[in-house]
Amino acid sequence: MIALLFALLTATMGLNYFRRTTAANTLFIFTLALSVYWLKFHATSQLTIQL
């Protein structure tokens, strides 16, 4: 999931480099929403180790 988030942020920077600011802003907002989802539901859950 972290790799996906970094890939999306890299794509955002690439779009900005090629002056595609509307697409870059849209992708950036989507990436932020996905980051908040990941933080809320996955990163804060308790670890369950089943032995």
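Summary of the structure given here. (Residues numbered from 1 in each chain as written. Predicted model: local features only at pLDDT ≥ 70, side-chain atom pairs only at ≥ 80, totals over all residues. Heavy atoms only, no water.)

**A few points about a nonpolar patch on the surface**
Thinking step 1. Together, Ile2, Phe6, Leu9, Phe28, Ile29 and Leu32 line one region of the surface with nonpolar side chains, adding up to about 560 Å² of accessible area.
Thinking step 2. Assignment of secondary structure puts Ile2 in helix H1 (residues 2–17). (Patch = residues over 30% accessible without salt bridge, like charges linked within 9 Å, V, L, I, M, F, W, Y side chains within 5 Å. Areas by Shrake-Rupley, 256 points an atom, 1.4 Å probe, with all protein chains shown as cover. Salt bridge = Lys/Arg side-chain N within 4 Å of Asp/Glu carboxyl O. Helix = DSSP H or I, 4+ residues; strand = E, 2+ residues; numbered from the N terminus.)

**Let's talk about H1**
Thinking step 1. With 16 residues, H1 extends 23 Å between its outermost C-alpha atoms, agreeing within 8% with the 22 Å of an ideal straight helix rising 1.5 Å per residue.
Thinking step 2. Among the residues making up H1, those that are buried are Leu5, Leu8 and Thr12. Along the axis of H1, the buried residues cluster in a sector spanning 60 degrees; they form a single face. Counted as exposed and oriented over 90 degrees from the buried face of H1: Ala3, Phe6, Met13 and Tyr17.
Thinking step 3. Next to the buried residues of H1 lie helix H2 (21–43).
Thinking step 4. Of the residues one or two after H1, Arg19 is the one with positive phi, at around 65 degrees. (Expected span 1.5 Å × (residues − 1). Buried < 20%, exposed > 50% of the residue type's maximum accessible area, 1.4 Å probe, protein only. Arc of directions from axis to C-beta. Contact = heavy atoms within 4.5 Å.)

**Here's the deal with the packing of H1 against H2**
Thinking step 1. Following both chains from N to C, one finds H1 and H2 inclined at 165 degrees, their axes separated by 8 Å at the closest point. In terms of orientation, H1 and H2 fall into the roughly antiparallel class. Remark: the crossing between H1 and H2 carries left-handed chirality. Contacts between H1 and H2 involve Ile2, Leu4, Leu5, Leu8, Leu9, Ala11, Thr12, Leu15 and Asn16 from the first element and Thr21, Ala23, Ala24, Leu27, Phe28, Phe30, Thr31, Leu34, Ser35 and Trp38 from the second.
Thinking step 2. The class makeup of the residues in the contact of H1 with H2 is 14 nonpolar, five polar and no charged. (Axes fitted to C-alpha atoms, helices over the stretch in contact; angles between N-to-C directions. Parallel < 35°, antiparallel > 145°, perpendicular 65-115°, else oblique. Left-handed = near helix turned anticlockwise from the far one by under 90°. Nonpolar A, V, L, I, M, F, W, Y, C, P; charged D, E, K, R; others polar.)

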